[in-house]
Amino acid sequence: MDFELSEEQRAFAQSARDFAQAEFAPHAARWDAEAVFPKEAIAKAGELGFCGLYAPEVIDGLALPRLDATLVFEELAAVDPSTTAFITIHNMATWMLGTWGTQAVRERWGAGLTSGRQLASYCLTEPGAGSDAGSLRTRAELQGGEYIINGGKAFISGAGATDVLVLMARTGASGAGGISAFAVPADAPGVGYGKKERKMGWNSQPTRAISFDDVRVPADHLLGQEGEGFRIAMKGLDGGRINIATCSVGAAQGALDTARRYLHERRQFGKPLASFQALQFRLADMATELVAARQMVRLAASKLDAGHPDASTYCAMAKRFATDAGFDVCNEALQLHGGYGYLAEFPLERLVRDARVHQILEGTNEIMRVIVARKLLEGDTEIR
């Protein structure tokens, strides 16, 4: 059992840290304030391979282990969790397309997605199908050599600004077994986009509803086989939960680093805040929770890489713990700044707003508890 990163992993993480400081740090506050979707910066991330980290090599992805991908996402999220979160969603959708797409789909979008020249949205959630994703109602009917799609999706990241939609739609009977996955051109006739949602955080990525009105896609845009969509979606979400948990770890690290500096700089009662034991204890607890969250995320990533039979349970545990702990660390860091933490001149209020949604998406933390509890109550199952 070796918890140390290799020299190659450390170098990869350092390259992500340098990139985040150069390309994200000078602009993240403005992107948030003005709701700018920084496609140019994302394309630059793609030049370093960050848009296809674990996508297969057949579409020019790096095919890295999920553990290595967390190292990149954490460094990026320490500066800008919102933009990084979109990059993680793009990575997930790109991996799905590269893994289950036909040759025609791969040739049309693969290299563009892994390079960051093109972007993908993941379309699972519907107005009436959130936590109960298996009840989705968007339908795809095969007619001749085409699927005709009708329905609607909600809360779609990047919607209206991406190039391809990885869509889950019903091709069969009710329940999870009737769901299939598709690659849909984002500009296909019949695809409509709702208003850009106003959100508490994640303002550097647009969120919209999407409607599908007799949208026609070639039959070879089916990902995998008919009826495999829900399984594909859940496999994607295992990695997605690690990704969003990593974004929380990164945000917490950025908040902790900011708080450490501030405790040395800020003076009250004739001495720096860092000299007050009560604040030292709070900083120590923040660091402890952060390290615990990071190690849990990396354990889950390792389980997923190894194909462990309980990997999904570990991903759920890591997502629940890391997103709760990450938000708490960001909130504590804001509190340590007093009134200054509430000002937009400091990054804390942005980190708090961006990290809050991590407890909701990719499966709410309540659903993560359901997943873990069900596994624990199955016969002689042990989680150690």
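The coordinates are above.
Conventions and cut-offs
Residues numbered from 1 in each chain as written. Predicted model: local features only at pLDDT ≥ 70, side-chain atom pairs only at ≥ 80, totals over all residues. Heavy atoms only, no water. Helix = DSSP H or I, 4+ residues; strand = E, 2+ residues; numbered from the N terminus. Expected span 1.5 Å × (residues − 1). Buried < 20%, exposed > 50% of the residue type's maximum accessible area, 1.4 Å probe, protein only. Polar contact = N/O pair within 3.5 Å; in protein donor to acceptor, adjacent residues only side chain to side chain. Salt bridge = Lys/Arg side-chain N within 4 Å of Asp/Glu carboxyl O. Contact = heavy atoms within 4.5 Å. Phe/Tyr/Trp six-rings, centres within 6.5 Å; stacked < 30°, edge-to-face > 60°. Lys NZ or Arg CZ within 6 Å of the ring centre and 35° of its normal. Core = buried A, V, L, I, M, F, W, Y, C linked by side-chain atoms within 4.5 Å. Axes fitted to C-alpha atoms, helices over the stretch in contact; angles between N-to-C directions. Parallel < 35°, antiparallel > 145°, perpendicular 65-115°, else oblique. Left-handed = near helix turned anticlockwise from the far one by under 90°. Nonpolar A, V, L, I, M, F, W, Y, C, P; charged D, E, K, R; others polar. Pairing = 2+ DSSP bridges. Disulfide = S-S within 2.5 Å. Lys, Arg positive; Asp, Glu negative; His and termini not counted.

**So, helix 5 (residues 81-100)**
If you check helix 5, its first and last C-alpha atoms are 28 Å apart, about what 20 residues at 1.5 Å a residue would give, namely 28 Å. Of all 20 residues in helix 5, 19 are buried, a share of seventy percent or more. Its side-chain oxygen at 3.3 Å from the backbone nitrogen of Ser 82, Asp 80 defines the N-terminal cap of helix 5.

**Brief notes about the pattern of salt bridges**
Under the defined criterion, the tally for this structure stands at 19 salt bridges. Between Arg 10 and Glu 4 there is a salt bridge, and its shortest N-O distance comes to 3.0 Å. Judged by relative accessible area, Arg 10 falls into the partly exposed class, the value being 40%. The partner of Lys 195 in a salt bridge is Glu 197, and the shortest N-O contact between them spans 2.8 Å. Residues participating in the shared-partner salt-bridge network are Asp 32, Glu 349 and Arg 353.

**Some thoughts on the environment of Gly 341**
Locating Gly 341 in the fold gives a position in the loop between helix 9 (311-336) and helix 10 (348-356). A residue is classified by how much of its surface remains accessible, and Gly 341, at 0% relative accessible area, is buried. Along the chain, Gly 341 and Ala 259 lie 82 residues apart, while their C-alpha atoms are 9.5 Å from each other. The residues contacting Gly 341, other than those within four sequence positions of it, are Leu 334, Leu 348 and Glu 349.

**What to know about the packing of aromatic side chains**
One pass over the structure, following the stated rule, counts 11 aromatic pairs. On the numbers, 5.2 Å between centres and 85° between planes, the contact of Trp 95 with Trp 100 is edge-to-face. Both residues of the pair, Trp 95 and Trp 100, belong to the buried class. An aromatic cluster is defined as three or more aromatic residues linked by ring pairs; in this entry it consists of Phe 12, Phe 19, Phe 24, Trp 31 and Phe 50. Sitting over the ring of Tyr 54, Arg 66 keeps its end group 3.8 Å from the ring centre. Lying across the ring of Phe 276, Lys 271 places its NZ or CZ 4.9 Å from the centre.

**Quick word on the nonpolar core**
Counting residues in each nonpolar core, the largest one holds 54 residues, and the members touching the most others are Phe 24, Phe 50, Leu 76, Met 96, Tyr 122 and Met 168. Examining the composition of this core, we find that 10 residues originate from one element, helix 5, more than from any other. Other than its neighbours up to four places away in sequence, Phe 50 contacts Phe 12, Ser 15, Ala 16, Phe 19, Ala 45, Val 72, Phe 73, Leu 76, Ile 87 and Asn 91. Counting residues in hydrophobic clusters, the runner-up holds 34 residues, among them Ala 252, Val 297, Leu 351 and Val 352.

**Overview of unusual backbone geometry**
For Asp 60, which is not a glycine, the phi torsion comes out positive at approximately 70°. If you trace the backbone, Asp 60 turns up in the loop between helix 3 (39-47) and helix 4 (66-77). Asp 60 gets classed as exposed once you look at its relative accessible area, which sits at 56%.

**Description of the packing of helix 5 against helix 6 (residues 103-115)**
Between two packed helices, both the angle of their axes relative to each other and the distance between the axes serve to describe the pair. For the pair helix 5 and helix 6, interaxial distance at closest approach is 10 Å and the crossing angle is 150°. Classified by the angle between their axes, helix 5 and helix 6 sit roughly antiparallel to one another. Note that helix 5 runs across helix 6; the crossing there is left-handed. Of helix 6, the residues touching helix 5 (which contributes His 90, Thr 94, Leu 97, Gly 98 and Thr 99) are Val 105, Arg 106, Trp 109, Gly 110, Leu 113 and Thr 114. In the contact of helix 5 with helix 6, the residues fall into four nonpolar, six polar and one charged.

**Brief notes about the pairing of strand 7 (residues 207-218)**
Where strand 3 (residues 146-157) lies against strand 7, nine bridges are found, and the strand directions are antiparallel. By the bridge assignment, Glu 146 is partnered in strand 7 with Pro 218. Bridge analysis of strand 6 (residues 191-193) against strand 7 gives three bridges, and the strand direction is antiparallel. If you follow Tyr 193 over to strand 7, its bridge partner there is Ile 210.

**Observations regarding the state of the cysteines**
Evaluation of the coordinates by the stated rule reveals zero disulfides. Unpaired in terms of disulfides, Cys 123 finds its nearest cysteine sulfur in Cys 51, a separation of 18 Å.

**Topic: the side chain of Arg 294**
Counting through the fold element by element, Arg 294 comes out in helix 8 (residues 277-306). Of the residues examined, Arg 294 reaches a relative accessible area of 13% and is grouped as buried. In terms of polar contacts, Arg 294 uses its side chain to reach the side chain of Gln 253, at 2.7 Å.

**Considering the side chain of Asp 80**
Residue placement: Asp 80 occurs in the loop between helix 4 and helix 5. Put simply, Asp 80 is tucked away with no salt bridge, and the nearest opposite charge, on Arg 350, sits 4.2 Å away. One polar contact links the side chain of Asp 80 to the main-chain amide nitrogen of Ser 82, over a distance of 3.3 Å. The contacts of Asp 80, once residues within four sequence positions are left out, are Phe 24, Ala 28, Trp 31, Ser 204, Arg 350 and Asp 354.

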